[in-house]
Amino acid sequence: MTEKTMHIDGVWTRAGSAATRDIINPFDQGVIAVVSEGGREDARDAVDAARQAFDRGPWPRTPGAERGRVLMRLAGLIERDAEELARMETLNTGKTLEESRWDMADIAGIFRYFAGLADKDGGEVIASPVQDSTSLVVREPVGVCGQISPWNYPLLQAAWKLAPALAAGCTVVMKPSEITPLTTIKVTELCVEAGIPDGVVNLVLGPGATVGAELAESPDVDLISFTGGIETGKTIMRAAAGNVKKVALELGGKNPNIVFDDADFETALDYLLNGVFFHAGQICSAGARVMLQDGIHDRMVEALRERMSRIRLGDGMVQGTRMGPLISAAHRDKVEGYIRIGREEGARLLLGGGRPSDPALARGFFVEPTLFTDCANDMRIVQEEVFGPVITVERFSTEEEALRNANSTIYGLSAGFWTRDPDRIRRMSAGLRFGTVWVNDFNVYFTQAPWGGFKQSGLGRELGRMGLEEYTEVKHVFQNHNARPVHWFGA
Ligand code: NAD
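Residues numbered from 1 in each chain as written. Predicted model: local features only at pLDDT ≥ 70, side-chain atom pairs only at ≥ 80, totals over all residues. Heavy atoms only, no water.

1. Quick word on the nonpolar core
Most often, soluble globular proteins have nonpolar side chains that are buried together. Core analysis: the biggest nonpolar cluster contains 89 residues, and Leu 74, Ile 78, Phe 111, Phe 114, Leu 162, Ile 196 and Val 201 have the highest contact counts within it. Both of domain 1 (3–251 + 461–477) and domain 2 (256–439) provide at least three residues apiece to this core. In this structure, Ala 263, Ile 296, Phe 366 and Ile 391 belong to the second largest nonpolar core, which totals 45 residues. (Core = buried A, V, L, I, M, F, W, Y, C linked by side-chain atoms within 4.5 Å. Buried < 20%, exposed > 50% of the residue type's maximum accessible area, 1.4 Å probe, protein only. Domains from an automatic or database assignment.)

2. Digging into the domain arrangement of the protein chain
Taken domain by domain, the protein chain holds domain 1 (3–251 + 461–477) and domain 2 (256–439). Its C-alpha centre places domain 1 at a distance of 31 Å from the equivalent point of domain 2. Contacts between the two partners involve 25 residues from domain 1 and, on the opposite side, 30 residues from domain 2. Of all residues in domain 1, Pro 26, Phe 27 and Trp 151 give up the largest surface area on contact with domain 2, accounting jointly for 28% of the area buried on that side. Remark: the boundary between domain 1 and domain 2 carries 0 salt bridges. The interface formed by domain 1 and domain 2 contains 8 residue pairs in polar contact (both at pLDDT 80 or more). (Contact = heavy atoms within 4.5 Å. Buried area = accessible area lost by both parts, 1.4 Å probe. Salt bridge = Lys/Arg side-chain N within 4 Å of Asp/Glu carboxyl O. Polar contact = N/O pair within 3.5 Å; in protein donor to acceptor, adjacent residues only side chain to side chain.)

3. Points about the site of the ligand
The full set close to the ligand counts 28 residues, and Trp 151, Glu 178, Thr 232, Leu 251 and Glu 385 are the nearest of them. Here an oxygen atom of the ligand sits 3.0 Å away from a polar atom, N or O, in the side chain of Trp 451. Considered on its own, the ligand offers 850 Å² of accessible surface; in the complex 87% of this is hidden by protein. A per-class count over the shell around the ligand returns 12 nonpolar, 12 polar and 4 charged. (Near = heavy atom within 4 Å. Areas by Shrake-Rupley, 256 points an atom, 1.4 Å probe, with all protein chains shown as cover. Nonpolar A, V, L, I, M, F, W, Y, C, P; charged D, E, K, R; others polar.)

4. Here's the deal with the state of the cysteines
Scanning the entire structure with this criterion turns up 0 disulfides. Cys 191 takes part in no disulfide bond, and the closest cysteine sulfur, belonging to Cys 145, lies 14 Å away. When its relative accessible area of 2% is taken as the criterion, Cys 191 is described as buried. (Disulfide = S-S within 2.5 Å.)

5. Thoughts on unusual backbone geometry
A positive phi angle, near 50 degrees, is found at Asp 132, a position not held by glycine. Residues other than glycine seldom take positive phi values, yet Leu 463 does so here, at roughly 65 degrees. By the secondary structure assignment, Leu 463 is in the loop between strand S20 (458–459) and helix H15 (464–469). Overall, the relative accessible area of 0% leaves Leu 463 in the buried class. (Helix = DSSP H or I, 4+ residues; strand = E, 2+ residues; numbered from the N terminus.)

6. Looking at the pattern of salt bridges
Pairs can form between side chains of opposite charge once their charged atoms are near each other. For the structure on display, the rule yields 35 salt bridges. Residue Arg 44 is joined to Glu 41 by a salt bridge in which the shortest nitrogen-to-oxygen separation is 3.0 Å. Taken together, the positions of Arg 44 and Glu 41, both in helix H1 (residues 40–55) and 3 residues apart, correspond to about one turn of that helix. Between Glu 399 and Arg 424 there is a salt bridge, with its nearest N and O atoms 3.1 Å apart. Of this pair, Glu 399 sits in helix H13 (residues 399–407) while Arg 424 sits in helix H14 (residues 422–431), and the two are 25 residues apart along the sequence. Overall, the relative accessible area of 10% leaves Glu 399 in the buried class.

7. Comments concerning the sheet that holds strand S21 (residues 472–480)
Read across the sheet, 3 strands follow the order S6-S7-S21 without closing on themselves; strand pairing throughout is antiparallel. Taken across any chain shown, the strands that pair with only one partner, and hence form the sheet edges, are strand S6 (124–126) and S21. Going across the sheet, the axis of each strand differs from the next one's by a mean of 25 degrees, ignoring polarity. (Pairing = 2+ DSSP bridges. Axes fitted to C-alpha atoms, helices over the stretch in contact; angles between N-to-C directions.)

The following block contains the structure:
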């Protein structure tokens, strides 16, 4: 297999150490690619290239409209190669091909959206209180951006960062997850084809503890944007303190999906499943924490058990598969560890909990769709992010109890609830302390609306206009048109 390499200052580059890594298909453990395995030195080279391109290159000084044109071109190239990208993503992550196709369509749309925003900010003139002066507020690109992305939505998460950074005029060093770099490598090729100048988009590959840490620590990086686990996020925040770089964090979630007695039963049931089982539950906004009101609890639990027992597991490349494997053996160990913890804590395992018996799935990192009932708010299986195909069910009686329990978490990424009562909709929407609240829906996101977490789910927002603003610094330019000596000191 030809080694896929890093991209530094416009040159496709092997690791300085010449190390490589096999990239695995989690469905059958087959090797699907070999990529360079970079280290700290390589990351430093990439940061140097991005620094030069920012300080001296054309990109930050190119008019927004022209940057927008280049990004539109890139969106078109992503659409042209969408099927190849989708297949690559499915082979590398195990998610179904339909899901990967939706991701690619979204990604092209993200580049188009930020391309459109690239020339929309005309700055602001303030009516200055100082006589004979002008006061101008402008936004400028923040500088060199390190962008570290996770393995669950490899290209989607990278695009949420890359598109606004480029629209704003920044230069970047991308670091995809070491186990899912393929689509990010391919899009770097498309950046070259779209005409983005050398040094503007750099790509380093390799482990977080070295390559990622170098980006977080580097004094030449102005902003570090990270999507991933909460503990890694804390480490990055500490590392970023060295030069007080800007920090944008999209971390985990433990997201309640609350169904009241008056909900539309069939729709709520469907979205309890949709809320969790895409990509085998490896979704930061998975509604894995199901909360059911007394009146519908038993019927809904039975309906969940029945529908979950019929979820079709298989190869994501095969039409009709609804759930693929987990990303890796290590991650499966983690999910199985949580299932053990749930049982030990006294939650009732109603379905799943093991590996599927079908021999055709034996080499994949599968865990069966798993349903725990009789869960209590303070159980670890309820409070911690499992990141797998596991639902916990808590029962509640009153709206106050539902709200109190839903908010009793360190996370604050997203929450949803189901009811037809307009007053309750208003109260619950106001009371839930989460970055996204879905009313009679779950897991909807789009490019125009901001995404991000309250509490320990993160810092800052991606997508929407706020997603672009993250990549800018605000500058106030004050000009005095009639300055005269005031003779205050030593006169
Ligand atoms: P992770 O934290 O293990 O890794 C994420 C990225 O950080 C990878 O590229 C990794 O190489 C890198 N990394 C690891 N250690 C590092 C370090 N010390 N310094 C710098 N970089 C380092 O997360 P993961 O397991 O890849 O992803 C799953 C997590 O991501 C889940 O917790 C999930 O909730 C979260 N996530 C959040 C969102 C969101 O929008 N909030 C979206 C997707 C995923």
